[in-house]
Amino acid sequence: MKKLGFGLMRLPLKNPSDQTSIDLEEFKRMVDIFIKRGFNYFDTAYPYHGGQSEIAFREVVSKRYPRELFTVTDKMPCWNVSKESDLERIFNEQLEKCGVDYFDYYWLHALNHDYVKTMDRVDGWEFIVRKKAEGKIRHIGFSFHDDSKLLEQLLINHPEVEYVQLQINYLDWDSPSIEARTCYELCVKYGKPVIVMEPVKGGSLAKVPEQVEQLFQEFNPSASPASWAVRYAASLSNVYMVLSGMSTIEQLEDNTKYMQDFQPLTSEEQTCVTQAAEIIQNKIAIPCTSCHYCTDGCPMGICIPEYFNIYNTLHQFGREKQWNNTSVYYKVQTMTHGRASECIECGQCEAHCPQHIQIINNLKLVAKTFEK
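Here is a short report on the structure shown in this document. (Residues numbered from 1 in each chain as written. Predicted model: local features only at pLDDT ≥ 70, side-chain atom pairs only at ≥ 80, totals over all residues. Heavy atoms only, no water.)

Our focus in this paragraph is the state of the cysteines. The full count for this structure, using the stated rule, is zero disulfides. With no disulfide of its own, cysteine 291 lies closest to cysteine 294 among cysteine sulfurs, the gap being 6.2 Å. Classification of cysteine 291 by relative accessible area gives buried; the value is 16%. Just so you know, cysteine 349 is unpaired, no disulfide at all, and the nearest cysteine sulfur is the one on cysteine 343, 6.0 Å from it. (Disulfide = S-S within 2.5 Å. Buried < 20%, exposed > 50% of the residue type's maximum accessible area, 1.4 Å probe, protein only.)

Structure, rendered in structure tokens:
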């Protein structure tokens, strides 16, 4: 199996302000190229694209291709589970939405301290083991968004899991909040292959500061910034698959080109990436990956990732170059979404943020910048 997977959480949209408006025709073109080039791994989840990602997968992949030509990963949305019967109901709904009889891979989704308590209480671990025994799941595991101490405890308590999905990229490798290196090394220690999510950190490593772009260009003029990020993650020996949330045919063309015959980073390239990380660390103000976990329950309808992206663009490229563009884009977003200043500080967004961002304080920063 080739080491690049198609993450279905950033699909092409007809309306950029509506996550449910997936452009199925464009998605079909992307999938056809992906499969034609020998790639077959797809990753979806219950909440992606406002609940439409699984359905899009069914319409574009499972209805159009023989089952043996693709593998699909789905995940149990732990936050939607309050009692044991919810597990069966949601799982069956996911099979129907994806248009398949079984999942090749199935995870307990986005485990943290709270969701682990929920899965322990409703026997979520036993549920996925049982579904594997029934032939409804081929491989079981979990995706993880918390500290390394909890991860090690889970690996000790649940030797039955086969894979762990982790956020790994060259910017977060030594991050004290993400602990990518420590979590990866724990998976190596306990013999669990890793599926990598967010290798390009929500696209922020595809659009790098000018100084970093020059650094990459001098080393390899034909390599895109995104290729450095994906290859960095794929070069780790215990990584089984690297997911990329591709939104355009151009992104898919680029990714499949350099991952068709994957070559790990050389020692010289590793040094180049380390230098790039040091530069970028000083440029990114808010480490948001645009996963949108924060927005589903926002009572004010604030498009948090979009506002953070606007602010980061201004911070990275300077007021002189980007003020006009970013200020206009902010005003456009506020026409259909709540303003940053309308945050009521309920905290639901921070409870769901995999990056542990202080969202409330950063929204105040956005408001101060763009709502003068």
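Turning our attention to the packing of aromatic side chains. For the structure on display, the rule yields 29 aromatic pairs. An aromatic cluster of three or more residues is present, and its members are Phe6, Phe27, Phe34, Phe39, Phe42, Phe57 and Phe70. Taking NZ or CZ as reference, lysine 97 lies 4.8 Å from the ring centre of tyrosine 46, over its face. The aromatic ring of tryptophan 323 is capped on one face by arginine 319, whose charged end is 4.2 Å from the ring centroid. (Phe/Tyr/Trp six-rings, centres within 6.5 Å; stacked < 30°, edge-to-face > 60°. Lys NZ or Arg CZ within 6 Å of the ring centre and 35° of its normal.)

Let us now look at the environment of leucine 11. Relative to the helices and strands, leucine 11 resides in the loop between β1 (4–7) and α1 (24–36). A relative accessible area of 3% means that leucine 11 is categorised as buried. Spatially, the C-alpha atom of leucine 11 lies 9.3 Å from that of alanine 56, the residues being 45 residues apart in sequence. In this view, leucine 11 contacts Phe6, Ile22, Phe27, His49, Ala56, Met246 and Ser247; residues no more than four positions away in its chain are not counted. (Helix = DSSP H or I, 4+ residues; strand = E, 2+ residues; numbered from the N terminus. Contact = heavy atoms within 4.5 Å.)

What follows deals with helix α11 (residues 249–259). Residues of α11 that are buried include every one of Ile249, Leu252, Asn255, Thr256, Tyr258 and Met259, and no others. Buried residues in α11 make contact with β1, α1, α10 (225–234) and β8 (239–244).

Attention shifts here to empty space enclosed by the protein. For the structure shown, the criterion picks out three cavities of 30 Å³ or more. Of the voids in this model, the largest cavity is the one considered here, and its volume is about 100 Å³. Lining the largest cavity are Phe144, His145, Asp146, Leu166, Gln167, Ser177, Ile178, Glu179, Ala180, Cys183, Pro354 and His356. Elements that contribute at least two residues to the lining of the largest cavity include exactly β6 (163–167) and α8 (180–189). For the lining of the largest cavity, a count of residues per class yields six nonpolar, four polar and two charged. (1 Å grid on protein atoms, 1.4 Å probe; cavity = no way out; pocket = protein on both sides within 12 Å on 5 of 7 lines; lining within 4 Å. Points joined across faces, edges and corners; volume = space filled by probe spheres on them. Nonpolar A, V, L, I, M, F, W, Y, C, P; charged D, E, K, R; others polar.)

The next point concerns unusual backbone geometry. With a phi close to 55 degrees, histidine 49 is a non-glycine residue in the positive phi region. Positive phi, normally seen in glycine, also occurs at histidine 356, with a value near 60 degrees. Relative to the helices and strands, histidine 356 resides in the loop between α15 (348–352) and α16 (359–370). Its relative accessible area of 40% is what places histidine 356 among the partly exposed residues.

On to the environment of alanine 226, then. Mapped onto the secondary structure, alanine 226 falls in helix α10. Owing to a relative accessible area of 13%, alanine 226 belongs among the buried residues under this scheme. Along the chain, alanine 226 and leucine 111 lie 115 residues apart, while their C-alpha atoms are 27 Å from each other.

This brings us to the environment of phenylalanine 57. Considering the arrangement of structural elements, one finds phenylalanine 57 in helix α3 (residues 53–62). Once the C-alpha coordinates of phenylalanine 57 and cysteine 98 are considered, the two residues, 41 residues apart in sequence, prove to be 6.0 Å apart. Not counting residues up to four positions away in its chain, the partners in contact with phenylalanine 57 are Leu8, Phe27, Phe42, Ser62, Phe70, Val72, Cys98 and Val100.

So, on to the side chain of threonine 73. Secondary-structure assignment places threonine 73 in strand β3 (residues 71–76). Among the polar contacts made by the side chain of threonine 73, one reaches the side chain of tyrosine 41 at a distance of 2.8 Å. Aside from chain neighbours lying at most four places away, what touches threonine 73 is Tyr41, Phe42, Asp43, Thr44, Tyr105 and Trp107. (Polar contact = N/O pair within 3.5 Å; in protein donor to acceptor, adjacent residues only side chain to side chain.)

Take the sheet that holds β3 next. Each strand in a sheet pairs with another by means of backbone hydrogen bonds, the pair being arranged parallel or else antiparallel. The eight strands lie next to each other as β1-β2-β3-β4-β5-β6-β7-β8, forming a closed barrel whose pairing is parallel. Sheet twist, expressed as the mean angle between neighbouring strand axes with direction ignored, is 30 degrees. Pairing between strand β7 (residues 194–197) and β8: three bridges, direction parallel. In the strand pairing of β8, isoleucine 195 is matched with methionine 241. (Pairing = 2+ DSSP bridges. Axes fitted to C-alpha atoms, helices over the stretch in contact; angles between N-to-C directions.)

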